[in-house]
Structure formats: C-alpha cells, structure tokens
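Inside the fold
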Amino acid sequence: MKTSNPAAAPRTLLLTPGPLTTSDATRAAMERDWGSRDAAFVALSDRLRRRLAAIAGGAGTHEAVLLAGSGTAAVEAALGSLIPRDGRTLLLVNGAYGRRMAEILRRLGRDHVVREWPEDEAVDPGELDAILADDPTVGDVALVHCETTSGLLNPLEAVASVVRRHGRRLLLDAMSSFGALRIDAARLGLVAVMASSNKCLEGVPGIGFVVADSAHLATCAGQASSLSLDLFDQAAAFRADGQWRFTPPVQVAAALDAALDQLDAEGGVAARGARYRRLHARLVEGMAALGFETYLTPALQAPIIVTFRDPGPPFSFERFHAALQADGIVIYPGKLTRAPSFRIGCIGALDEADIERALAAIARTL
Ligand SMILES: *Cc1c(COP(=O)(O)O)cnc(C)c1O
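Rules of the game
- Residues numbered from 1 in each chain as written.
- Predicted model: local features only at pLDDT ≥ 70, side-chain atom pairs only at ≥ 80, totals over all residues.
- Heavy atoms only, no water.
- Axes fitted to C-alpha atoms, helices over the stretch in contact; angles between N-to-C directions.
- Helix = DSSP H or I, 4+ residues; strand = E, 2+ residues; numbered from the N terminus.
- Parallel < 35°, antiparallel > 145°, perpendicular 65-115°, else oblique.
- Left-handed = near helix turned anticlockwise from the far one by under 90°.
- Contact = heavy atoms within 4.5 Å.
- Nonpolar A, V, L, I, M, F, W, Y, C, P; charged D, E, K, R; others polar.
- Near = heavy atom within 4 Å.
- Polar contact = N/O pair within 3.5 Å; in protein donor to acceptor, adjacent residues only side chain to side chain.
- Areas by Shrake-Rupley, 256 points an atom, 1.4 Å probe, with all protein chains shown as cover.
- Buried < 20%, exposed > 50% of the residue type's maximum accessible area, 1.4 Å probe, protein only.
- Arc of directions from axis to C-beta.
- Pairing = 2+ DSSP bridges.

With that settled, consider the packing of helix α12 (residues 317-326) against helix α13 (residues 352-365). Interaxial distance between α12 and α13 falls to 10 Å at its minimum, and their mutual angle equals 130°. By the angle class used here, α12 and α13 are oblique. Taken as a pair, α12 and α13 cross one another with a handedness that is right-handed. Across from Phe320, Ala323 and Leu324 in α12, the residues of α13 making contact are Ala361, Ile362 and Thr365. A breakdown of the residues in the contact of α12 with α13 according to their chemical character gives 5 nonpolar, 1 polar and no charged.

Shown next, in the form of structure tokens:
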C-alpha cells in the first residue's frame, strides 16, 4: 500500500485458495510470545486437538495430530504414516492435488495405482466399486474432497460407502473444505482427514494437521520413513506430555485457537458453509453479469473457489490481475491442464460487501 496512513487503506482481500483474508481478532492473537512448555500453551494445543477432531466428526474415535508446515506436509505425513509400507494405494484423481498425492507416494516408494478423471468431472463411485472388486490388493484409497484446482466437490459420501463396503481404508484430503463443509469422519469410517490452519478455518498459515482414526493410528508404529512427519510418534508425544516434538509455531496455534472461537461464534461449520454459499452465489451472479462463464457445471461446484474461463483477447489475465492487485484485491491464476482460466475464491474472513467491492473493481478493470 502506498498510503502514508495504512489504517485508512482498504484491507487487502485475498480471493485465493489460501493464505486467506483473516480477521483482526485472529491476527491480534499472535501478539504474545509463548514458551512451548508453558502450561498455557500445552492446554492450548490440547484444546486445538479436541476442537479439530470434533469439527471432523471424530470426537472420541479420532485424534488430531498437529504439525508445523503447510497442508502438503499433513498430506505427506498421513500417506507416509498411516499406509503400510508394503501396501498398495488407489488414488482417485481429478486435479492437481490428487496428482500431488501420487507424487508423494512415488517419492516414498510406495506402491500405488492412479485412476484419473477429467478435471471437470467428479470421481465416479461406480468405477471405484469395480476397481476395488477387481483388485483385492488395494488396501487404501485416497480422495480429494474439494479439488481446489477447479473448485469441484467430489462425492465423499458415495465414495466412502463403496470403500467401507469393500473393507478398505479411506484417506481424505479435506484441505479446502474443512470447516466449511460437513465431514463426518466416524460415520464415514475415514482413517484420516488432512487439512490446514489457513483455509476455511480462517487461521494463518503454518499448521497442517491430520485427524486420524485412533484405533488405526495405534497400529502404525514405525511405519513412517520420515522422522518429522511421523504421525504415530507425534500423537504419542501429545498423549504423553502434550508436547510438539519440534519447535511449535506458537503464534500460529494461538491464531488458530482464536479463529476456532470465531467459527463457534458464527454457528459452526453449517453457518460458515452457508456464508460461503451466499458469497459464492453473489460472485457467480456478478461475474455472469460481466460476461464471465464458470468452468464447471453448477452441480459439481463447491462454494469454495470458482474457476472462470479466460474469455480470450482482448482480455489479458496478467493485466486483469495487476489492475485488481492495485485495488487491494488478489485473485489466482488457473491451474487446469487444458482450458485457459482463472480462479476467484469465496472463502476467508469476507462478507457480502467484500464481494461487492471485488465485483466493482472487476467491472472497472474491464
Ligand atoms: C491447499 C491445498 C493443499 C495443500 O496446500 P499447501 O500449499 O501445502 O498448504 C492440498 N490439497 C488441497 C485440496 C488444497 O486445496
């Protein structure tokens, strides 16, 4: 911001898949120092673990294991710690985050098969059923809940029910849905739900976490080939003395705790999801009025982030992005392998007025 009085400048709106716009209260929670062995910090970590397990629908059956790192660290920790070293994993892929899980397993040297759908199609539970019937050696299945690449919502309930029926384990990358869309880890029989502090929970970046089935986790000693990403060892440390094994991101944890207070005050996951749906509906409607088309059919779209087709010349994404940035509004390039596109998120500490501000700025740039 070039202004001499930053307080007078409109705040920056991050209409991206994360990091996201955070509230003043969340950022204010970072203003103090904590010793990692302070009783108050141990209590805070314990509270975070219980709150995150409850949000995942796993209170009593699952436990949240927190790590310093971005969301990908949590995904890597889950795949590396919870899947047997000699296991075979089926990856259901329809975007970049599904492909990233394949890359993680490749680097870990773990056997896996990939079933890939086009980026504008949901994962098909019927095909999954056939693959599992055909291949009894697949022990684990991994799915991305909301594929942030396109903004598509995969059919979690149906996939989980097929995986359960075949007696296999399901790991869910819920990075961009956790806190906004209902996830019922116990009822769906999920072995792991992976997410991070800085998406729909509206915290700041720095914590990745896995809400893991406690009974399964108890069988995973010595399975991870990474020291710092070993969920079994970290869960054991939390249980033994409440400690993170390595330097905890103390301010990030405090901010996440404050952000969870705000989630509760808002009315929990259902209320947050409802706010995002309102912002999403207004965004899509306003963009349509300006001539922009969405990439996905509405039935597949999650109220998280929207991919718009690049309308082609004279439109230039670079100029569009730069003009909005000058107005304090940050949008994201597309991530699709085929169609030229860009993305606008509707998650974070935002309200209707912020979407109106963004739409007005977009109209001006055109
Ligand atoms: C954001 C995201 C991740 C992980 O992202 P990081 O950049 O490592 O925080 C993983 N999966 C999905 C679906 C995501 O949206």
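Okay, the site of the ligand next. All residues adjacent to the ligand are Ser70, Gly71, Thr72, Tyr97, Arg100, Val144, Cys146, Thr148, Asp173, Met175, Ser176 and Lys199. Within the backbone of glycine 71, an N or O atom sits 2.9 Å from an oxygen atom of the ligand. A distance of 2.4 Å is found between an oxygen atom of the ligand and a side-chain nitrogen or oxygen belonging to threonine 148. Burial of the ligand by the protein amounts to 86% of the accessible area it has alone, namely 380 Å². For the shell around the ligand, the secondary-structure elements that each account for two or more residues are α3 (71-82) and α4 (96-108). Across the shell around the ligand, the residue classes tally to 4 nonpolar, 5 polar and 3 charged.

Let us look at helix α9 (residues 231-241). Buried residues of α9: Leu231, Gln234, Ala235, Ala237 and Phe238, and no others. End-on, the buried residues of α9 take up no more than an arc of 155°, which puts them together on one face. For α9, the exposed residues set more than 90 degrees away from the buried face come down to Arg239 and Ala240. If you follow the buried residues of α9, they end up packed against α2 (39-55), β2 (62-68), α3, β10 (207-213) and α8 (214-217). Positive phi shows up at glycine 242, right after α9, with a value of about 75°.

Checked against the element boundaries, glutamine 301 lands in the loop between α11 (268-289) and β11 (305-309). In this structure glutamine 301 comes out as buried when scored by relative accessible area, which is 13%. Sequence separation between glutamine 301 and aspartate 120 is 181 residues, and the spatial gap between their C-alpha atoms is 9.5 Å. If we ignore the near neighbours within four places in the chain, the residues touching glutamine 301 are Gly151, His280, Leu296 and Val306. Separated by 3.4 Å, the side chain of glutamine 301 and the backbone oxygen of glycine 151 make a polar contact.

Quick look at the environment of leucine 229 now. By the element assignment, leucine 229 lies in the loop between α8 and α9. Leucine 229 sits 156 residues away from alanine 73 along the chain, and the two C-alpha atoms are 7.3 Å apart. If we skip the residues at most four places from it in the chain, leucine 229 touches Leu67, Ala73, Glu76, Ala77, Ser81, Ala224 and Arg245.

As a further point, take the pairing of strand β8 (residues 169-173). In summary, the side chains of a regular strand alternate between the two faces of the sheet. With 4 of 5 residues buried, β8 is to be regarded as a mostly interior element. Note: β8 against strand β9 (residues 190-196), 4 bridges, orientation parallel. In the strand pairing of β9, aspartate 173 is matched with methionine 194.

Looking now at the sheet that holds strand β13 (residues 332-333). An order of β11-β14-β13 is seen for the 3 strands of this open sheet, with the pairing classed as antiparallel. Two strands in the sheet have a free side with no partner beyond their single neighbour: β11 and β13. Where β13 meets strand β14 (residues 341-345), 2 bridges bridge the pair, whose relative direction is antiparallel. The residue bridging tyrosine 332 from the neighbouring strand is arginine 343, located in β14. Contacts from α11 reach β11 and β14, with the element oriented near 10° to β11.

One open sheet holds the 7 strands; their spatial order is β2-β10-β9-β8-β5-β3-β4, and the pairing between them is mixed. Looking at the sheet topology across the chains shown, the edges are occupied by β2 and β4 (111-116). Taken over all neighbouring pairs, the strand axes of this sheet differ in orientation by 20° on average, direction set aside. By the bridge criterion, 5 bridges tie β9 to β10 in an arrangement that is antiparallel. The partner of alanine 192 across the bridge, within β10, is alanine 212.

Within the secondary structure, threonine 16 is located in the loop between β1 (13-14) and α1 (24-28). Overall, the relative accessible area of 3% leaves threonine 16 in the buried class. Separated by 3.0 Å, the side chain of threonine 16 and the backbone oxygen of proline 19 make a polar contact. Once you skip the residues sitting within four places of it in the chain, threonine 16 turns out to touch Ile305, Val330, Ile331, Tyr332, Gly345 and Ile347.

In short, the description is geometric, and any link to function would need to be established separately.
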